[in-house]
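Chains, contacts and geometry: an overview
Listed here are the chains, written in short residue letters.
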Amino acid sequence: MESFIAQLINGLSTGGIYALIVLGMNLLMLVRNIVHHSFSHICVLNMCIGWLAFGYTQNVLLAFLAMFACGVLVTVATEPLFRPLSKRGADLETIVLAMGVGIIITEIIAQLFNNGQMMTFSDEMRVLNVGFSFGTVTFSLANIVALVACIVVAVFLVWYLFKTANGRAMRAMAQNLRVAKMLGVPFGKTGVLGFGIAGLLSACIGIICIMCLGYANAEMGDTFATKAVILMLFAGQGDIKGGILSSILMGVVEAMALAYLPGRWTEAIFYGFIMIVIIIKPNGLFAKKAAN
Amino acid sequence: MEQTEMMLKISDLSVYYGPICALKKVDLEVRKGEIVALLGSNGAGKSTLVNTIIGLLHAKRGKIEFMGRDITRQKTETTIQSGISVVPEGRGMLANMTVMENLQLGVYRHKGVDFNKNLEMIFEYFPILKERQWQAAGTLSGGEQQMLAISRAIVGEPKLLLMDELSLALSPAYVDIIFKALIKLRNEKGFTILLAEQNAKKALQYSDRGYVLDLGETVLEGDARELMGNPYVQTAYLGA
Ligand SMILES: Nc1ncnc2c1ncn2[C@@H]1O[C@H](COP(=O)(O)OP(=O)(O)OP(=O)(O)O)[C@@H](O)[C@H]1O
Ligand SMILES: [Mg+2]
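This section reports on the structure supplied with the text. All values reported here derive from a predicted model rather than from experimental measurement.

Section: the overall build of chain A
Secondary structure assignment for chain A yields eleven helices and four strands. Taken over C-alpha atoms, the radius of gyration comes to 19 Å for chain A, in line with the 19 Å a tight globule of 292 residues would show. C-alpha atoms of chain A, sized along the principal axes, occupy 60 × 45 × 35 Å. Considering chain A as a whole, with its 292 residues, one finds that 51% of them fall into the buried category. A fraction of 77% describes how many contacts in chain A between residues 6 or more apart in sequence connect residues 24 or more apart. Surface exposure of chain A reaches about 13,200 Å², of which carbon and sulfur atoms provide 68%. In chain A, 17 positive and 12 negative side-chain charges are present, and the distance between their average locations comes to 18 Å.

This is the structure:
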């Protein structure tokens, strides 16, 4: 029972990280109608920048600041790449473009950071990496903090998208770009704003990953990206709330499979589950009965 | 009419889709407080004109002035902000967003208007929208969607209202209700309206002046009553 609770918390915090990545990708999908496959790579790049900045300054706050700067700059810098494609309604090309950005970031990390070796984060960077017991259950406080951070960030973003004028404008763009323009939503500015917010989010994800995982390497971006793209499809593209729920569900399923199933069956279970859902619910697990 | 302020002045406007000429040297004027009908059959260029006014399409030649300012090459959002609203062809519902969200987006660019007060007025005109405000816009009936499209356009108190095919898919009785509401709004709020319509009979019945477009050219213009009596209009558009 104790280990079950510990696994559950583990799974929830992993799920929380997936949820934030999917949320960021959904945000970019809203404003530019793209699957920004390399969003996860940017999150990992942020971690690397944090590692580097801490190495130079030995100051956690400065390192985190550097991560925010990196996240926003790199994410916003990709916006002009996608804009012309998004304008002419390209589809496959945007995927190629996004994957290209991801590959370049992966190479940059492999070439320029720590000679391509895995980077481990010091305890100062991991802030709350202390054991924590609750009755007979022991787990890392970082996991709990990560979970809370995920909830706070996700609630904030959902609030932003559903309750503010700019958030509504972003959703309107996704729904019908022509009508959104007729209502005066600026295509250029709103897109840059969306990319900027996604950039801030990518830094938050980087920080949470540092706390939970404690390491970063070049391959991490691909691992996250594959899962995030699949989770996006699984929940239904652009479905914000569905994306969060499926991610958390998936984190828990993975953690349980890891703990209770023999051998390395985690991945097979992860993908098997998703394949079934995609076959029986082509519009995603949470697809509404088309309102159109 | 001579003394009233000019709202919209279009001169010598030509618009192309690639090599296809959709509007050819069009001149058109709308004065403050007028309701002007823009008539023409399928493919005449009505929607093209509306989209060019708000900058979704760009003119090859000619000039569009709104309240004396040249808006020909202005960005759509700037034009909307300066006081133009559109009822898009086919109603332009944001189908998965709620009725309320659609209305809120109506003031996205119209800063400084009293949204709540205007909302109250709209709910008075169209009580059904108040009942349906938390429902997805896509679940409304065709007529209700048209009411929402109009409400979304007027909630931002535009100076000029562009309406593309208001009567499409509406029963004649419904068209009358909506036009009467518009006339009342015009009288109370001083809106100016440019009305692109295939339904010439209804449009002329409720407007002050009209233009007839054919294959991208203005073939007739004048007082609504005169146009109604014009033999060409009668045979081509009124089915007399
Ligand atoms: N995107 C486009 N590319 C090429 N030609 C177009 C395009 N849009 C419109 N056209 C052409 O331009 C002409 C004018 O079209 P427009 O939509 O303005 O007509 P309309 O008067 O609004 O007609 P309707 O009453 O059917 O809505 C038509 O011949 C149409 O085929
Ligand atoms: Mg049309």
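Let's talk about the sheet that holds strand β9 (residues 209-214) of chain B
Residue and element names in this part refer to chain B. With mixed pairing, six strands are arranged side by side in an open sheet as β6-β7-β8-β3-β9-β10. Taken across any chain shown, the strands that pair with only one partner, and hence form the sheet edges, are β6 (84-87) and β10 (217-223). Averaged over all pairs of adjacent strands, the angle between their axes in this sheet comes to 15°, without regard to strand direction. Across four bridges, the pairing between β6 and strand β7 (residues 160-164) is parallel.

Focus: the coordination of the magnesium ion (ligand 2)
Ligation of the magnesium ion (ligand 2) by protein atoms is provided by Ser47 of chain B (OG) and Glu89 of chain B (OE), these donors lying 1.9 to 2.3 Å from the ion. On the criterion of sequence distance, the pair formed by Ser47 of chain B in helix α1 (residues 46-53) and Glu89 of chain B in the loop between β6 and α3 (99-105) is long-range, its members being 42 residues apart.

Describing the site of ligand 1
Residues and elements named next belong to chain B. For ligand 1, the set of nearby residues contains 13 residues, the closest of which are Asn42, Lys46, Ser47, Thr48 and Glu89. One nitrogen or oxygen atom from the side chain of Tyr17 is found 3.4 Å from a nitrogen atom belonging to ligand 1. The contact in question runs from an oxygen atom of ligand 1 to an N or O atom on the backbone of Gly43, over 2.9 Å. Its free accessible area being 630 Å², ligand 1 has 62% of it covered by the protein chains. A per-element tally of the shell around ligand 1 places α1 first, with three residues.

Here we look at the nonpolar core
By size, the foremost hydrophobic cluster in this structure holds 71 residues, and its most contacted members are Ile17, Leu20, Ile21, Phe39, Ile109, Ile205 and Phe224 of chain A. At 13 residues, the largest contribution of residues to this core is made by helix α1 (residues 2-32) of chain A. Beyond its immediate chain neighbours, meaning those up to four positions away, Phe39 of chain A contacts Leu20, Ile21, Gly24, Met25, Leu28, Ala198, Leu201, Ser202 and Ile205 of chain A. Formed by 47 residues, the second largest nonpolar core is a distinct cluster that contains Met100, Phe115, Leu119 and Phe126 of chain B.

Focus on helix α7 (residues 172-189) of chain B
Between its first and last C-alpha atoms α7 of chain B spans 25 Å; for 18 residues at 1.5 Å apiece the expected length is 26 Å, and the two agree. Every buried residue belonging to α7 of chain B is among Val175, Asp176, Ile178, Phe179, Ala181, Leu182, Leu185 and Arg186 of chain B, and all of these are buried.

Description of the sheet that holds strand β5 (residues 69-70) of chain B
Residue and element names in this part refer to chain B. Spatially, the four strands line up as an open sheet ordered β2-β1-β4-β5, and their pairing is antiparallel. Edge positions in the sheet fall to β2 (20-31) and β5, since each of these pairs with one other strand and no more. Summarising the sheet, strand β1 (residues 6-17) and strand β4 (residues 61-66) pair through five bridges and their orientation is antiparallel. Each bridged residue has a counterpart across the sheet, and for Leu8 the counterpart in β4 is Phe66.

Notes on the packing of aromatic side chains
Residues and elements named next belong to chain A. Applying the stated criterion to the full structure yields five aromatic pairs over all chains. For the ring pair Phe82 and Phe195, a centre distance of 6.4 Å and an interplane angle of 40° mean the geometry is tilted. Taken together, the residues span a long stretch of sequence, with Phe82 in helix α3 (residues 60-87) and Phe195 in helix α8 (residues 187-213) at a distance of 113 residues. You can call Phe82 buried: its relative accessible area is 0%. Looking at Arg171, its charged tip hangs above the ring of Phe162, at a distance of 4.0 Å from the centre. Taking NZ or CZ as reference, Lys241 lies 4.2 Å from the ring centre of Phe162, over its face.

Structural notes on the side chain of Glu34 of chain B
Here Glu34 of chain B lies in the loop between β2 and β3 (35-39). For Glu34 of chain B, the side chain forms a polar contact with the main-chain nitrogen of Arg31 of chain B, separated by 2.7 Å.

Regarding the pairing of β7 of chain B
Residues and elements named next belong to chain B. Most of β7 sits out of view: five of its five residues are buried. Pairing of β7 with strand β8 (residues 192-197), which is carried by five bridges, proceeds in the parallel orientation. Bridge pairing links Leu160 to Thr192 in β8. Crossover handedness for the path β7 to α7 to β8: right-handed.

Digging into the pattern of salt bridges
Here the structure, examined in full by the defined rule, presents twelve salt bridges over all chains. Put simply, Asp208 of chain B and Arg186 of chain B hold a salt bridge, and the shortest N to O gap is 3.1 Å. Separated by 22 residues along the polypeptide, Asp208 of chain B in the loop between α8 (200-206) and β9 and Arg186 of chain B in helix α7 bring together distant segments of the chain. Given a relative accessible area of 25%, Asp208 of chain B falls into the partly exposed group. Connected through shared salt-bridge partners, Arg32, Glu79 and Arg83 of chain A make up one network.

Describing the interface of chain B and chain A
Chain B puts 23 residues into the contact, and the matching count from chain A is 20 residues. Summed over both partners, the interface of chain B with chain A comes to about 2,000 Å²; 60% of that surface belongs to carbon and sulfur atoms. Taken together, the links from chain B to chain A amount to one salt bridge. For the pair chain B and chain A, the interface holds seven residue pairs in polar contact (both at pLDDT 80 or more). Among the secondary structure elements, those contributing two or more residues to the side of chain B that touches chain A are α2 (76-81) and α3 of chain B. Looking at the side of chain B that touches chain A residue by residue, the class counts come to ten nonpolar, eight polar and five charged.

Quick word on the state of the cysteines
For the coordinates displayed, the defined rule picks out zero disulfides over all chains. With no disulfide of its own, Cys212 of chain A lies closest to Cys209 of chain A among cysteine sulfurs, the gap being 7.1 Å.

So, empty space enclosed by the protein
Where empty space is left can be seen by rolling a probe of water-molecule size over the atoms. For the structure on display, the rule yields one cavity of 30 Å³ or more. Around the largest cavity sit Met182 and Leu183 of chain A together with Ile80, Ser85, Val86, Gly106, His110, Arg152 and Ala153 of chain B, which together line it. Listing elements by their share of the lining of the largest cavity, those giving two or more residues are β6 and α6 (142-154) of chain B. In the lining of the largest cavity, the residues fall into five nonpolar, three polar and one charged.

About the criteria used
Residues numbered from 1 in each chain as written. Chains lettered and ligands numbered in written order. Predicted model: local features only at pLDDT ≥ 70, side-chain atom pairs only at ≥ 80, totals over all residues. Heavy atoms only, no water. Helix = DSSP H or I, 4+ residues; strand = E, 2+ residues; numbered from the N terminus. Rg over C-alpha atoms; globule rule 2.2 N^0.38 Å. Buried < 20%, exposed > 50% of the residue type's maximum accessible area, 1.4 Å probe, protein only. Contact = heavy atoms within 4.5 Å. Areas by Shrake-Rupley, 256 points an atom, 1.4 Å probe, with all protein chains shown as cover. Lys, Arg positive; Asp, Glu negative; His and termini not counted. Charge placed at Lys NZ, Arg CZ, Asp CG, Glu CD. Pairing = 2+ DSSP bridges. Axes fitted to C-alpha atoms, helices over the stretch in contact; angles between N-to-C directions. Donors = N, O, S within 2.8 Å, 3.2 Å for Na, K, Ca; no water. Near = heavy atom within 4 Å. Polar contact = N/O pair within 3.5 Å; in protein donor to acceptor, adjacent residues only side chain to side chain. Core = buried A, V, L, I, M, F, W, Y, C linked by side-chain atoms within 4.5 Å. Expected span 1.5 Å × (residues − 1). Phe/Tyr/Trp six-rings, centres within 6.5 Å; stacked < 30°, edge-to-face > 60°. Lys NZ or Arg CZ within 6 Å of the ring centre and 35° of its normal. Right-handed = clockwise from strand over helix to strand, strands pointing away. Salt bridge = Lys/Arg side-chain N within 4 Å of Asp/Glu carboxyl O. Buried area = accessible area lost by both parts, 1.4 Å probe. Nonpolar A, V, L, I, M, F, W, Y, C, P; charged D, E, K, R; others polar. Disulfide = S-S within 2.5 Å. 1 Å grid on protein atoms, 1.4 Å probe; cavity = no way out; pocket = protein on both sides within 12 Å on 5 of 7 lines; lining within 4 Å. Points joined across faces, edges and corners; volume = space filled by probe spheres on them.

Bear in mind that shape data such as this cannot, by itself, settle questions of function.
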